[in-house]
Protein chains: 2
Amino acid sequence: MRILVVGASGTIGGAVTDALEARGHEVARAGHSGGGLRADLADKASIAALYRTVGRLDAVVCTAGVAKFGALEALDDADFARSIDNKMMGQVNLVRLGLGAVAPGGSFTLTSGTLTVSPTPGTCAVAMVGGAVEAFARAAALDLEGRYRINVVSPGWVAESRVKMGLEPMPGIWAADLAEYYVRAVEGEETGETLIAEAPL
Amino acid sequence: MRILVVGASGTIGGAVTDALEARGHEVARAGHSGGGLRADLADKASIAALYRTVGRLDAVVCTAGVAKFGALEALDDADFARSIDNKMMGQVNLVRLGLGAVAPGGSFTLTSGTLTVSPTPGTCAVAMVGGAVEAFARAAALDLEGRYRINVVSPGWVAESRVKMGLEPMPGIWAADLAEYYVRAVEGEETGETLIAEAPL
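Residues numbered from 1 in each chain as written. Chains lettered and ligands numbered in written order. Predicted model: local features only at pLDDT ≥ 70, side-chain atom pairs only at ≥ 80, totals over all residues. Heavy atoms only, no water.

Comments concerning the environment of L4 of chain A
Mapped onto the secondary structure, L4 of chain A falls in strand β1 (residues 2-6). When residues no more than four places from it in sequence are discounted, the contact partners of L4 of chain A are A28, A30, L50, Y51, V54, L57, A59, V60 and V61 of chain A. (Helix = DSSP H or I, 4+ residues; strand = E, 2+ residues; numbered from the N terminus. Contact = heavy atoms within 4.5 Å.)

Looking at the environment of S161 of chain B
Residue and element names in this part refer to chain B. Examined against the element boundaries, S161 turns out to sit in helix α5 (residues 159-164). The class for S161 is partly exposed, based on a relative accessible area of 26%. Taking C-alpha positions, S161 is 30 Å from E189, a pair spaced 28 residues apart along the chain. (Buried < 20%, exposed > 50% of the residue type's maximum accessible area, 1.4 Å probe, protein only.)

Quick word on a nonpolar patch on the surface
A contiguous nonpolar patch, built from W157, M165 and L167 of chain A and spanning about 320 Å² of accessible area, is present on the exposed surface. Judged by its relative accessible area of 35%, L167 of chain A falls in the partly exposed class. (Patch = residues over 30% accessible without salt bridge, like charges linked within 9 Å, V, L, I, M, F, W, Y side chains within 5 Å. Areas by Shrake-Rupley, 256 points an atom, 1.4 Å probe, with all protein chains shown as cover. Salt bridge = Lys/Arg side-chain N within 4 Å of Asp/Glu carboxyl O.)

As for the confidence of the model for chain A
For chain A, mean pLDDT is 97; residues scoring 70 or higher make up 100% of the total. Interface confidence in the predicted complex, given as ipTM, is 0.97; pTM for the same model is 0.97. (pLDDT = per-residue confidence, 0-100.)

What about the relation of the copies chain A and chain B?
Structural alignment of chain A on chain B gives an RMSD of 0.0 Å, achieved by rotating through 180° and translating 0.0 Å along the axis. Taken together, the rotation angle and the small translation identify this as a two-fold axis. Here 100% of the contact residues of chain A are again contact residues in chain B; the copies associate through an equivalent surface. (Least-squares fit on C-alpha atoms with pLDDT ≥ 70 in both.)

Quick word on the sheet that holds strand β5 (residues 102-111) of chain B
The pairing of strands in a sheet comes from backbone hydrogen bonds and takes either a parallel or an antiparallel form. Residues and elements named next belong to chain B. Strands sit in the order β3-β2-β1-β4-β5-β6-β7 across an open sheet of seven strands; the sheet is parallel. Across the chains shown, the open sheet's two edge strands, defined by having one partner strand only, are β3 (37-38) and β7 (194-197). Bridge analysis of strand β4 (residues 57-62) against β5 gives four bridges, and the strand direction is parallel. The residue of β5 that forms the bridge with A59 is S107. Across the sheet, helix α2 (residues 44-54) lies against β1 (2-6), β2 (26-31), β3, β4 and β5, angled at about 150° from β1, the strand it touches most. Strand contacts of helix α3 (residues 77-98): β1, β4, β5 and β6 (149-155), with the helix running at about 175° to β5, the strand carrying the most contacts. (Pairing = 2+ DSSP bridges. Axes fitted to C-alpha atoms, helices over the stretch in contact; angles between N-to-C directions.)

Points about the side chain of T17 of chain B
Tracing the backbone through its elements, the reader meets T17 of chain B in helix α1 (residues 11-22). When near neighbours in sequence (up to four residues on either side) are disregarded, T17 of chain B contacts V5, A8, V27 and R29 of chain B.

Now the structure itself:
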């Protein structure tokens, strides 16, 4: 398959790219920075330009998307707006605009995060947009039934990120293990699902 | 308790108002139209004005909030934006701005809908904003712990609405039965919960 990975220069996206290539797929890399095609999830025109540039695809994987950490009373209007524009509507727009670019029978795999279901203090905007993405995919899957599949991977705390923060890697999941959930979503038959990725498959 | 019901002129809000008054609470009614105080959930200034007008509260219940029905490819940018501004950020802002108006120990009870978990075709924006509200409340409850409670009621298909559409009332839930879930959220001890309200308590 020819697969667009948005967020390919990130920890998760890099591991997903490696895993997909190891399975024989061709990966088109995109992201806000780093090598590959440039795309800003928060900018719909940028997503449209990405699809015009990248050419025909069999699947799209998004491991990008930022949302603002902070306690309810520490977040301002702009923090909520940026979280919505980027991780939430950015991923929704990646699907909306991707329908013409991805071949029928293809798939979209988005990213939420386990804070959506198991939040900690200071995560209400992050959890909110993750919950939106999961519910969107569950419902959109019905509209796309028989034409496209759409799923969400909900990563636990990435072990590499924990190490960077000076923590023990566990309880976390290594990006390479996390990548297997994305591979499963791309190669599998499921649609409308949220794959909880807190431990190796 | 003195309780603000936003959406009081609606089918659910009217039943919630009746149920709260029957339990001896004082209800301040607000809504986009109908009797009582006027408030537009999509307009943050309008919510701020509502709180300035209404005075001190012990709880806030929101049964208002609209989101756009339609299949993924039938929804345009404005449909998504209005759904976000109204049912999603409208309810989030009702909490954010209400923190100064509601007495410590008070509560917020918001509304999602069972399409969030059990969607049907043509509901991806509705499901999306409901999922956002549920995840927001689950996380925000941790930031507000010990000061305010926040919960969500997820109504099934309201029987009165089914009848208006020419359907049999069942499988549905009468607004009066649904109202008991809101009463439980207001009077109870739980926080961060989504109460699935598809059948009488």
